[in-house]
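Now for the letters of each chain:
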Amino acid sequence: MSTGHEKKAPAGDGEPSSRLEEQNHELRGQLDELQSRHRELQAELVRLQRHSTTLANLYVASRQLAASADRREVLGAIQDVVCNLIGSEELGIYELDADSRTLKLVAAMGAEAVRSPTVALGDGEIGSAAESGATFLGDGDEPALVACVPLKLDERVIGALAIFRLLPQKPELEAFDRELLELLATQAAAALHRSADRERSPGRVPA
Amino acid sequence: MNDTEPRKKILLVDDSKTALMLERMILKDEPYDLVVAMDGEQAVATALAENPDLILMDVVMPKMNGFEAVERLRAEQALQTTPIIMVTTRSESENVERGYLSGCTDYVTKPIDGVELITKIRNYLGG
């Protein structure tokens, strides 16, 4: 009975070894291709996992802000999101007093924000970002202000989120951080507005 | 993982709802069961009751911080070899050293990098 493993008789002088070398060469080529494809797929997997983490960050931030009912919770959720998802413990949340055209600090982490409890609209980077409605992103190695995001309700600025410093292990804001900041610009503003509405009419059930 | 093997269990400890939700999201497609505690004291009680295969431990928490909780866990016979990954906000060497001295096995820093976290957990648990 054949086991299928018997050695075949050589077909002619020199032929088997050259055929084997040819096959060997071919197989090595295939192996190289497979290894290269494997590396490509691994890189793609890491890219997809990073993308998935970015989406998870956006989802979590959105959920946390939406789930916060009162003003204290909303301010806490904004700080929690910036601390845990962006990576900063030096931040200030300002609300705009439209009458006096002044941004007033309503919550802060770290010492930096406390130095500027009020900022006039148009004054400095924070005041300018709030006045123009455009996000400010600091550049250079150690900017005095990493980012300032105007908090907008239907394009109307109602406050600003200033990030003064990132955690030591985080050298700079990355593309997905900027996506998160854009989300905060609208969702944090909406959450603050909802909480203010609730405080004004505590018995009313939100639509 | 073999279908007949029981699923591994991870205890997530953090006082931040944001951090816990993110960790859950990152691990939702992984073959692990997750249990949660929101401060150091609760972490010790939950770890003793649930006997997790791995613990992901925040540092700054009310009631009992992460370092103290790890020391308490390491004093328990059943949890002496359980991998404990510390989740630190600050990566300065003294903070990391304090974590290792308290008995943690490894650490990750906030903001959590999902790829790094999954890689480390798989290294300890497989899957």
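Note that the coordinates shown come from a computational prediction; the quantities given were computed from them, not determined experimentally. (Residues numbered from 1 in each chain as written. Chains lettered and ligands numbered in written order. Predicted model: local features only at pLDDT ≥ 70, side-chain atom pairs only at ≥ 80, totals over all residues. Heavy atoms only, no water.)

**Section: the overall build of chain B**
- Across its full length, chain B carries five helices and five strands.
- Put simply, chain B runs from its N terminus to its C terminus through helices and strands in the order β-α-β-α-β-α-β-α-β-α.
- Here chain B has a C-alpha radius of gyration of 13 Å; the compact-globule value for 127 residues is 14 Å, and the two agree.
- The C-alpha extent of chain B, read off along each of the three principal axes, is 40 × 30 × 25 Å.
- The burial tally for chain B puts 52% of its 127 residues in the buried class.
- Long-range contacts, defined as pairs at least 24 residues apart, comprise 59% of the intrachain contacts of chain B with a sequence gap of at least 6. (Helix = DSSP H or I, 4+ residues; strand = E, 2+ residues; numbered from the N terminus. Rg over C-alpha atoms; globule rule 2.2 N^0.38 Å. Buried < 20%, exposed > 50% of the residue type's maximum accessible area, 1.4 Å probe, protein only. Contact = heavy atoms within 4.5 Å.)

**Considering the side chain of Ser68 of chain A**
All names here are of chain A.
- Relative to the helices and strands, Ser68 is located in the loop between α1 (15-67) and α2 (71-86).
- At 2.7 Å, the side chain of Ser68 and the backbone oxygen of Gln64 are in polar contact.
- For Ser68, the contacting residues outside a window of four places in its chain are Glu73, Val74, Ala77 and Arg198. (Polar contact = N/O pair within 3.5 Å; in protein donor to acceptor, adjacent residues only side chain to side chain.)

**Things to note about α2 of chain A**
Residue and element names in this part refer to chain A.
- Relative to the 22 Å expected for 16 residues at 1.5 Å per residue, α2 spans 21 Å between its end C-alpha atoms, a close match to the ideal helical length.
- Across the 16 residues of α2, 12 count as buried, placing the element largely inside the fold.
- Taken together, the buried positions of α2 are occupied by Val74, Leu75, Ala77, Ile78, Gln79, Asp80, Val81, Val82, Cys83, Asn84, Leu85 and Ile86.
- If you check the start of α2, you find a side-chain oxygen 3.2 Å away from the backbone N of Arg72, and it comes from Asp70.
- Looking at the residues trailing α2, positive phi occurs at Gly87, about 100 degrees. (Expected span 1.5 Å × (residues − 1).)

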